[in-house]
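# A structural walkthrough
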Amino acid sequence: MSHALFSLNPDLKRLRDEGYFVQQRGGYLVMREVPYVDAQRQLRIGTLISSLTLAGDRTRKPDTHVAHWDGDFPCHADGSPIQGIAHQTGAFDLGHGLKATHAFSSKPAEGYADYHHKMTSYANIIAGPAAVLNPGMTARTIREPEAEEDSVFNYVETASDRVGIGALAERLASERVAIIGVGGTGGYILDFVAKTPVREIRLFDSDEFLTHNAFRAPGAPSLDELREAPKKVEYLKDIYSRMHRNIVAHDVALGPDNLHLLDGVTFAFLSFDASDAKRLIVEKLEAIGAAFIDVGMGLELDEGSLGGILRVTASTPQKRDHVPQRISFVGGRVEAIYASNIQVADLNALNAVLAVVKWKKIRGFYRDLEHEHHCTYTTDGNMLINGDLT
């Protein structure tokens, strides 16, 4: 991906052609081995980092004039700080192995025309004093770029890095996620999970994607697509593989003979009806040490309007004792509460949102003060209630 970026975009290609040691790391453009002078008038090497604004694989005009810097604050040849570029000082963890100690702000009157303009402008400001002390010293190192990082995405994920949460997103990168049942709620779960850098997404469902599914799932299939009655997992894989490379479709209903398909999973979302198979799946996930979330929805049509409850129940290796009382199995009290088959897209999406937010809380992406392992949302009173705290 990175090699294509540099070959397709004249501003990035020009940087390399001129000898700058530049790389793409996540949603950042990185210029390494930029010489500078520190406060003791010593020659040092630092790294210049800019967020990337892309339209697919094509660069756009930089949307910010700010750049990050990994190094001491750069100085003039006499050791006095360079004026007019200070913006922020701190310990910035940008993710992708990138850290910074400063953020600089230097804005031309018309802004930066492209990334060659931006990166070379900063490099000249920072490296100029180094050339005074050591004539000929430059950021043009004429080095072959190192091997580029692999990515689960088909194009650069710039959303996290442009707002400074790339390091948090990386907390999800080692996950192998199973989504068991990809109907209404499961389809929305996939929509959200596919936008994260998880290593793998496994889809499990044996049903066809029919007309009624089109009105409960994310996206908008064409009439021709519906006529083909594709399998749900294949239909959704075709869509989301445009973004995420590692989606595996299993056109099966999980049961005693194929639970091995869950081996290696680190987290699972269960979004299907109560059954004996659900009990076996839960036992399998517990046996392999995987955390999981089960979702449920019970809606009733009463006096001309819908009302009901959405449920999100989490199970982690640290807390599983609540599962028999909370998750719907065949013949249980909980099953009766969620027995209604009424579903609507907005509540499917809300159930998925609650489940994905809880997953991210478990993995430390979101702050979690109560560590609840069960919550319900009641439509009638707009009530969100937590339970099973740890």
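Since we're looking at a predicted model, the values are computed, not measured.

Reading guide: rules and limits
- Residues numbered from 1 in each chain as written.
- Predicted model: local features only at pLDDT ≥ 70, side-chain atom pairs only at ≥ 80, totals over all residues.
- Heavy atoms only, no water.
- Pairing = 2+ DSSP bridges.
- Helix = DSSP H or I, 4+ residues; strand = E, 2+ residues; numbered from the N terminus.
- Axes fitted to C-alpha atoms, helices over the stretch in contact; angles between N-to-C directions.
- Contact = heavy atoms within 4.5 Å.
- Buried < 20%, exposed > 50% of the residue type's maximum accessible area, 1.4 Å probe, protein only.
- Parallel < 35°, antiparallel > 145°, perpendicular 65-115°, else oblique.
- Nonpolar A, V, L, I, M, F, W, Y, C, P; charged D, E, K, R; others polar.
- UniProt positions renumbered as here; feature names shortened; annotations may be inferred.
- Salt bridge = Lys/Arg side-chain N within 4 Å of Asp/Glu carboxyl O.
- Left-handed = near helix turned anticlockwise from the far one by under 90°.
- Core = buried A, V, L, I, M, F, W, Y, C linked by side-chain atoms within 4.5 Å.
- Expected span 1.5 Å × (residues − 1).
- Arc of directions from axis to C-beta.

## Structural notes on the sheet that holds strand β7 (residues 86–95)
Spatially, six strands are ordered β1-β2-β3-β6-β8-β7 in an open sheet, and the strand pairing comes out antiparallel. Edge positions in the sheet fall to β1 (21–25) and β7, since each has one partner strand and no second. Within this sheet the neighbouring strands show an average axis-to-axis angle of 35°, counted without direction. Bridge count for strand β6 (residues 66–70) against strand β8 (residues 98–105) is four bridges, and the pairing is antiparallel. Bridging across to β8, His68 finds its partner in Ala103. Most of the contacts of helix α3 (residues 115–133) go to strand β2 (residues 28–37), to which it runs at about 15°, and overall it touches β2, β3 (43–51), β6 and β8.

## Section: unusual backbone geometry
Both trends apply: most residues other than glycine have a negative phi, and most peptide bonds are in trans. A positive phi angle is found at Asn382, which is not glycine, with a value near 55°. Tracing the backbone shows Asn382 in the loop between β15 (372–378) and β16 (383–389). Owing to a relative accessible area of 54%, Asn382 belongs among the exposed residues under this scheme. Notably, Asp388 is not glycine yet its phi reads approximately 55°, a positive angle. Position of Asp388 relative to the elements: it lies in strand β16.

## Side note on the packing of helix α2 (residues 10–17) against α3
Where α2 meets α3, the closest approach of the two axes is 7 Å, and the angle between their N-to-C directions is 40°. Between α2 and α3, the interaxial angle falls into the category oblique. Across from Asp11, Leu12, Arg14 and Leu15 in α2, the residues of α3 making contact are Tyr115, His116, Met119 and Thr120. Tallied by class, residues from the contact of α2 with α3 come to four nonpolar, two polar and two charged.

## Quick notes on the UniProt feature "domain: THIF-type NAD/FAD binding fold" (unreviewed entry) in the protein chain
Those residues carrying the UniProt feature "domain: THIF-type NAD/FAD binding fold" (unreviewed entry) are residues 169–294 in this numbering. Helix makes up 33% of residues 169–294 and strand makes up 17%, while its end C-alpha atoms are separated by 23 Å.

## Here we look at the pattern of salt bridges
All told, the structure shown has 24 salt bridges when counted by the stated rule. Between Asp72 and Arg44 there is a salt bridge whose closest N-O contact spans 2.8 Å. Taken together, the residues span a long stretch of sequence, with Asp72 in the loop between β6 and β7 and Arg44 in strand β3 at a distance of 28 residues. Overlapping salt bridges, with partners in common, bring together Lys358, Lys361, Asp368 and Glu372 in one network.

## Focus on the packing of helix α6 (residues 184–193) against helix α13 (residues 345–362)
It is the contact of α6 with α13, at a shortest axis distance of 8 Å, that shows an interaxial angle of 50°. On the basis of the axis angle, α6 is oblique to α13. The interaxial crossing formed by α6 with α13 has right-handed handedness. Residues Gly184, Thr185, Tyr188, Ile189, Phe192 and Val193 of α6 touch α13, and the partners they reach there are Ala345, Asn348, Ala349, Asn351, Ala352, Val353, Val356 and Trp359. Taken together, the residues of the contact of α6 with α13 sort by class into ten nonpolar, four polar and no charged.

## Here's the deal with the nonpolar core
In this structure, Phe269 and Trp359 are the most contacted members of the largest nonpolar core, which totals 43 residues. A total of seven residues in this core trace back to one element, the largest contributor, which is α13. Residues in contact with Trp359, not counting those within four places in the same chain, are Leu172, Glu175, Val177, Val193, Thr196, Val198, Phe267, Phe269 and Ile293. Residues Met31, Ile82, Tyr112 and Ala123 belong to the second largest nonpolar core, which totals 28 residues.

## What about the environment of Gly90?
Here Gly90 shows up in strand β7. We classify Gly90 as partly exposed; its relative accessible area is 29%. Each residue touching Gly90, except ones within four places of it in the same chain, is listed here: Ala100, Thr101 and His102.

## A word on helix α10 (residues 276–287)
It helps to recall that an α-helix has 3.6 residues per turn; residues three or four apart then point in one direction. With twelve residues, α10 should cover 16 Å at 1.5 Å per step; its first-to-last C-alpha distance of 17 Å lies within 8% of that length. Regarding α10, the residues found buried are Lys278, Ile281, Val282, Lys284 and Leu285. All buried residues of α10 fall inside an arc of 160° around its axis, so they share one side. In α10, the exposed positions angled more than 90 degrees off the buried face are occupied by Asp276 and Ala287. Packed against the buried residues of α10 are β9 (176–180), β12 (267–270), β13 (291–302) and α11 (323–326). Looking one or two residues beyond α10, the residue adopting positive phi is Gly289, at roughly 80°.

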